[in-house]
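Observations on chain architecture
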Amino acid sequence: MLDWGSRLRIIKGVARGLGYLYREFPEQDLAHGHLKSSNVVLDHSFEARLAEYGLAAVVDKRHAQQFMVAYKSPEVRQLERPSEKSDVWCLGILILELLTGKFPANYLRHGKGASEDLASWVESIVREGWSGEVLDKEIPGRGSGEGEMLKLLRIGMGCCEWTLETRWDWREAVAKIEDLKETDNGTQGDHSYSSDHLSISLN
């Protein structure tokens, strides 16, 4: 089971990777297009590496619409290809997945269904004032970092805004994620890692 420090390290790595792609290749106008947990590969220090960047550009459009997660974003019916904002949506879903321990099961569905299930579930609970209730209760050492987890939850929700105008820009999301700490008082938490080269696993 991944503790809070590990999950935060993963999200920071994903955010930095996404930021790197946009900063280093601005002329490409090429979104990642398939940002999801199984395309985040971790090393022994839980540093994240992104896989399948740019795949959407070379995949048949009908196949991409069926299987690539960027096409699950709410604006999929208006846009013909992934964009920075659809990548931000996918980042938000990944954040919510890591915080709640719940997999957005409709990513497995084919067709144009949006991945609103997880985002809407989180929003409905937060709207009732029970933000802490959405956090994965199995996170080891959760108590010392819960305040920072709730900050990340708000970032995830900002990334999952349905309308493009109110959805966060990737620069804002990356900057806010970089500001997060492992514990509420800014001290480093205790970690014990024992893993081979692996993809994200919450269990």
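Residues numbered from 1 in each chain as written. Predicted model: local features only at pLDDT ≥ 70, side-chain atom pairs only at ≥ 80, totals over all residues. Heavy atoms only, no water.

**Quick notes on unusual backbone geometry**
Phi at F46 takes a positive value of approximately 65°, unusual for a residue other than glycine. Mapped onto the elements of the fold, F46 is located in the loop between β1 (40-42) and β2 (48-50). (Helix = DSSP H or I, 4+ residues; strand = E, 2+ residues; numbered from the N terminus.)

**Let's talk about the packing of aromatic side chains**
Evaluated as defined, the whole model comprises 2 aromatic pairs. Here Y22 and W170 contribute two aromatic rings whose centre-to-centre distance is 5.5 Å and whose plane-to-plane angle is 25°, an arrangement assigned as stacked. Residue Y22 is located in helix α1 (residues 4-24), and its partner W170 is located in helix α6 (residues 170-178); the two are separated by 148 residues in the primary sequence. In terms of burial, Y22 and W170 fall into one category: buried. Each ring, one from W89 and one from W162, has its centre 6.4 Å from the other, and the planes form 85°; the classification is edge-to-face. In this pair, W89 sits in helix α3 (residues 84-100) while W162 sits in the loop between α5 (146-159) and α6, placing the two residues 73 residues apart along the sequence. Residue class for W162 comes out partly exposed when judged on its relative accessible area of 42%. Seen from the ring of W121, K102 lies directly overhead, with NZ or CZ sitting 5.1 Å from the centre. (Phe/Tyr/Trp six-rings, centres within 6.5 Å; stacked < 30°, edge-to-face > 60°. Buried < 20%, exposed > 50% of the residue type's maximum accessible area, 1.4 Å probe, protein only. Lys NZ or Arg CZ within 6 Å of the ring centre and 35° of its normal.)

**A look at the side chain of S86**
Positionally, S86 belongs in helix α3. A relative accessible area of 2% means that S86 is categorised as buried. In terms of polar contacts, S86 uses its side chain to reach the backbone amide nitrogen of S83, at 2.7 Å. (Polar contact = N/O pair within 3.5 Å; in protein donor to acceptor, adjacent residues only side chain to side chain.)

**Observations concerning the nonpolar core**
L91 and L152 are the most contacted members of the largest nonpolar core, which totals 46 residues. When contributions to this core are tallied by element, the ones reaching two or more residues are α1, β1, α3, α4 (116-127), α5 and α6. Element by element, the count of residues in this core is highest for α3, at 10 residues. Contacts of L152, omitting those with residues within four sequence positions, involve W4, I11, I95, L99, I177 and L180. (Core = buried A, V, L, I, M, F, W, Y, C linked by side-chain atoms within 4.5 Å. Contact = heavy atoms within 4.5 Å.)

**Some words on the confidence of the model for the protein chain**
Averaged over all residues, the pLDDT of the protein chain equals 77, while 70% of them reach at least 70. Model confidence for the protein chain, summarised as mean pLDDT per element, is weakest for strand β3 (residues 198-199) at 42 and strongest for α6 at 95. Here residues 110-116 is modelled with pLDDT under 50, and outside its nearest four sequence neighbours on either side it reaches 24 contacts, counting other chains as well. (pLDDT = per-residue confidence, 0-100.)

**What about α3?**
Each turn of an α-helix holds 3.6 residues, which means side chains three or four residues apart point in the same direction. Compared with an ideal rise of 1.5 Å per residue, which puts 17 residues at 24 Å, α3 spans 24 Å between its outermost C-alpha atoms and is within 8% of the ideal. With respect to burial, α3 is a largely interior element, 15 of its 17 residues being buried. At the exit of α3 stands G101, carrying a positive phi of roughly 75°. (Expected span 1.5 Å × (residues − 1).)

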